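Here are the chains, one letter per residue:
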Amino acid sequence: MARFSSLALWTDSALQEVYSLEDLTGKNGHTLTNNNSVTFSPAKYDNGADCGAANANKYLNYNSNFGYNGGAYGISFWVQLDAEIASGAWDFLELVDHSTSNTSLLFVYDYNGGTRQLLVTRVRLGVAGDQFVYPITLGTSSKYHCVINYDGSTLKAYLNNVEIGSIACSGNGLSSVADILTILDGRNAPSNPTSGIVDEVGLINREFTLSEISQLYNEGTSPSASMSPSASLSPS
């Protein structure tokens, strides 16, 4: 397991921001707004942003698209639930580009009639969402490394260094409110708040390479085993 600060990624000119979430300020000086008293609790690396087991309205945000203009982009973060989802949807993170494309990249944990699943979406705001679904029950005892990777024509996601889905997608949306990053909820916060902890959020305006994804997850650990849908992962 490796923090961004221990990798060559730390000085990559494409790296837009890293939030270690020991506090609200990122590597490049962008300070998140703390809405409704998100706390900082032990997480993957030291502390992370913690909304507790019954989150109704807590989230973090910053008004920027961090170099996402609808094209190639990568997002990395760690998450651990404080409670298991039993209804609705929890938005782990969403990044919106209003300036150029009116699109967003969104990572969601969803409860669909008894089936728990991850939804990863490139939203063409005001048009449609291009998404794929990965059935899994995350539970509360494990920490998960999540990656969104978009190359400009195909959206992929990785969970603990394993690809969990992909979909061809491109094109722009019609409307959005603003450039904004939201952590522990989505662009319409408070709407789908997450009851959990998010840590070590990294934003890069290109795809992560497979080697970089592996380094962020695997350094100092054994490579993860392949996952089957609906299977719970071993703690990391």
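Preceding block: the structure.
Here's what I pulled together on the structure shown here.

What follows covers the environment of Ile-183. Within the secondary structure, Ile-183 is located in strand β14 (residues 180-183). Spatially, the C-alpha atom of Ile-183 lies 8.7 Å from that of Leu-95, the residues being 88 residues apart in sequence. The residues contacting Ile-183, other than those within four sequence positions of it, are Leu-32, Tyr-59, Leu-60, Phe-92, Leu-93, Val-198 and Val-201.

To continue, consider the packing of aromatic side chains. For the structure on display, the rule yields 11 aromatic pairs. Seen from their ring centres, Tyr-45 and Trp-78 are 6.4 Å apart, and the 90° between their planes marks the pair as edge-to-face. With a gap of 33 residues between them, Tyr-45 in the loop between β3 (39-42) and β4 (47-50) and Trp-78 in strand β6 (residues 73-81) connect regions that are remote in the sequence. For Tyr-45, a relative accessible area of 10% corresponds to the buried category.

With respect to the helices and strands, Cys-146 occurs in strand β11 (residues 144-150). Using a relative accessible area of 1% as the deciding quantity, one classes Cys-146 as buried. The spatial distance from the C-alpha of Cys-146 to the C-alpha of Asn-161 is 8.2 Å, given a sequence separation of 15 residues. Setting aside residues up to four positions removed in sequence, Cys-146 forms contacts with Ile-75, Ser-76, Phe-77, Val-79, Phe-107, Tyr-158 and Leu-159.

The next point concerns the sheet that holds strand β10 (residues 128-135). The strand order across the open sheet formed by 7 strands is β2-β5-β14-β7-β8-β9-β10, and the pairing between neighbours is antiparallel. A strand with exactly one partner marks an edge of an open sheet, and here the two such strands are β2 (33-35) and β10. Recorded for the sheet is a direction-independent mean angle of 20° between the axes of neighbouring strands. Here 3 bridges tie strand β5 (residues 59-62) to β14, and the two strands are oriented antiparallel to one another.

Attention now moves to the pattern of salt bridges. Counted under the stated rule, the structure contains 8 salt bridges. One salt bridge in this structure joins Glu-200 and Arg-3, with 3.1 Å as the shortest N-O distance. Highlighted residues: Glu-200 in strand β15 (residues 196-204) and Arg-3 in the segment before β1 (15-19), separated in sequence by 197 residues. When the shortest N-O distance is used, the salt bridge between Glu-94 and Arg-187 registers 2.7 Å. With Glu-94 in strand β7 (residues 89-97) and Arg-187 in the loop between β14 and β15, this pair connects stretches of sequence that are 93 residues apart. For Arg-187, a relative accessible area of 34% translates into the label partly exposed. Connected through salt bridges with shared partners, the residues Arg-3, Glu-22, Asp-46 and Glu-200 form a single ionic network.

Two faces make up the sheet, and in a regular strand the side chains alternate between them. Bridging between β11 and strand β12 (residues 154-159) involves 5 bridges; their strand directions are antiparallel. Its bridge partner being in β12, Cys-146 is matched across the sheet by Leu-159. Following β11, the chain reverses through 3 residues before pairing antiparallel with β12; Gly-152 in that reversal takes a positive phi of roughly 105°. As defined by bridge partners, β12 adjoins strand β13 (residues 162-168) across 6 bridges and the pair is classed as antiparallel. When the sheet's bridge partners are listed, Lys-156 is paired in β13 with Ser-166. If you look at the hairpin formed by β12 and β13, you'll find 2 residues sitting between the two strands, and Asn-160 has a positive phi there, around 50°.

Thresholds applied
Residues numbered from 1 in each chain as written. Predicted model: local features only at pLDDT ≥ 70, side-chain atom pairs only at ≥ 80, totals over all residues. Heavy atoms only, no water. Helix = DSSP H or I, 4+ residues; strand = E, 2+ residues; numbered from the N terminus. Contact = heavy atoms within 4.5 Å. Phe/Tyr/Trp six-rings, centres within 6.5 Å; stacked < 30°, edge-to-face > 60°. Buried < 20%, exposed > 50% of the residue type's maximum accessible area, 1.4 Å probe, protein only. Pairing = 2+ DSSP bridges. Axes fitted to C-alpha atoms, helices over the stretch in contact; angles between N-to-C directions. Salt bridge = Lys/Arg side-chain N within 4 Å of Asp/Glu carboxyl O.

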